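Understanding the architecture of this molecule
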Amino acid sequence: MQQLFADTGFDKIFNIEHEGGVRVAELDIFEDSVDVRLYIGKETIGDVCVFHLNGVMNNPQGSRYFKQEFLLAMAAFKKIIVDCKELTFFDSLNVSVVLNMNLLLKETGGAMRICGSNDIVNDLFNTLHIRRIIPFYDTLDEALKDFPLP
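Owing to the predicted nature of the structure, the values given are computational and were not obtained by experimental measurement.

What counts, and at which threshold
Residues numbered from 1 in each chain as written. Predicted model: local features only at pLDDT ≥ 70, side-chain atom pairs only at ≥ 80, totals over all residues. Heavy atoms only, no water. Pairing = 2+ DSSP bridges. Helix = DSSP H or I, 4+ residues; strand = E, 2+ residues; numbered from the N terminus. Contact = heavy atoms within 4.5 Å. Axes fitted to C-alpha atoms, helices over the stretch in contact; angles between N-to-C directions. Expected span 1.5 Å × (residues − 1). Buried < 20%, exposed > 50% of the residue type's maximum accessible area, 1.4 Å probe, protein only. Arc of directions from axis to C-beta. Phe/Tyr/Trp six-rings, centres within 6.5 Å; stacked < 30°, edge-to-face > 60°. Salt bridge = Lys/Arg side-chain N within 4 Å of Asp/Glu carboxyl O. Parallel < 35°, antiparallel > 145°, perpendicular 65-115°, else oblique. Nonpolar A, V, L, I, M, F, W, Y, C, P; charged D, E, K, R; others polar.

Turning our eyes to something else, we now look at the sheet that holds strand E4 (residues 48–57). Reading across the sheet, the 5 strands line up as E3-E4-E5-E6-E7 and stay open at both edges, with mixed pairing between neighbours. Each edge of the open sheet carries a strand with a single partner, namely strand E3 (38–45) and strand E7 (136–137). As defined by bridge partners, E4 adjoins strand E5 (residues 79–90) across 9 bridges and the pair is classed as parallel. Along E5, the bridge assignment pairs Val-48 with Lys-79. Against the sheet, helix H2 (residues 61–74) makes contact with E3, E4, E5 and strand E6 (111–115), and its axis sits at roughly 175° relative to E4, the strand it touches most. Most of the contacts of helix H4 (residues 119–127) go to E5, to which it runs at about 115°, and overall it touches E5, E6 and E7.

Okay, here's the thing in structure tokens:
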């Protein structure tokens, strides 16, 4: 049994009692834990507000925070770019939040662009055909070119 635990690596996670005493686990499984918060940095470029998303956009905390910041930005901007370059996770429940914010922005005469999405975000948006609704760009510069500066 001890060999099985050693072969699978469980001996590094669990304390194992044997005849000579207790061998204490060598691995802290929380050492490399992932921060599950969403950070939003906002930047103004001309008449465009750029949201730099960083971290994890989970539901409901991340989506609520995103929605609050988006609505505040809409008070001053009609052009918003969501930069997902540093976003590490985006779940399908947040798609509705992005779509609702896009619709609200369109109804008030504005427009949204998304750029810099990683493979996880790209796969999700491709699967759900979101690119047909919101324009996507590889880089922030490409998204900005679609919004001519005043």
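Next up on the list: H2. Taking 1.5 Å of rise per residue, the 14 residues of H2 would be expected to cover 20 Å, and the 20 Å separating its terminal C-alpha atoms lies within 8% of that figure. Regarding H2, the residues found buried are Gly-62, Ser-63, Phe-66, Glu-69, Phe-70, Ala-73 and Met-74. For H2, the angular spread of buried residues about the axis comes to 140°, placing them on one side. On its buried face, H2 is in contact with E3, E4, E5, helix H3 (93–107) and E6.

Within this structure, the stated rule accounts for 5 aromatic pairs. A ring pair is formed by Phe-66 and Phe-70, whose centres lie 5.6 Å apart and whose planes are at 45°; its orientation type is tilted. With a gap of 4 residues between them, Phe-66 and Phe-70 both fall in helix H2, about one helical turn apart. The class for Phe-66 is buried, based on a relative accessible area of 0%. Pairing Phe-90 with Phe-125 gives two aromatic rings, centres 5.4 Å apart and planes at 40°, and the pair type is tilted. Of this pair, Phe-90 sits in strand E5 while Phe-125 sits in helix H4, placing them 35 residues apart in sequence. Each of the two residues, Phe-90 as well as Phe-125, counts as buried. Among the aromatic residues, those joined into a ring-pair cluster are Phe-51, Phe-66 and Phe-70.

Here we come to the pattern of salt bridges. For the structure shown, the criterion picks out 3 salt bridges. Asp-146 is paired through a salt bridge with Arg-113; the nearest N and O atoms lie 2.3 Å apart. Taken as a pair, Asp-146 in the segment after helix H5 (140–145) and Arg-113 in strand E6 lie far apart in primary sequence, 33 residues in all. Since its relative accessible area comes to 31%, Asp-146 is described here as partly exposed.

Now for the packing of H2 against H3. Angle between the axes and distance between the axes: these two values describe a pair of packed helices. Where H2 meets H3, the axes come as close as 10 Å, and the angle between the chain directions of the two elements is 10°. Taken together, the axes of H2 and H3 are roughly parallel relative to one another. Contacts from Ser-63, Phe-66, Lys-67, Phe-70, Leu-71 and Met-74 of H2 reach H3 at Asn-94, Val-97, Val-98, Met-101, Leu-104 and Leu-105. Counted by class, the contact of H2 with H3 contains 9 nonpolar, 2 polar and 1 charged residues.

Below, the discussion takes up H3. Compared with the 21 Å implied by 1.5 Å per residue over 15 residues, the 22 Å span of H3 between its first and last C-alpha is a close match. By the burial criterion, the buried members of H3 are Asn-94, Val-95, Val-97, Val-98, Met-101, Asn-102 and Leu-105. Along H3, the residues classed as buried sweep out an arc of 160° about the axis, all on the same side. Pointing more than 90 degrees away from the buried face of H3 are the exposed residues Leu-93 and Glu-107. Elements that come into contact with the buried residues of H3 comprise E4, H2, E5, E6 and H4. Positive phi appears at Gly-109, one or two residues downstream of H3, with a value of about 90°.

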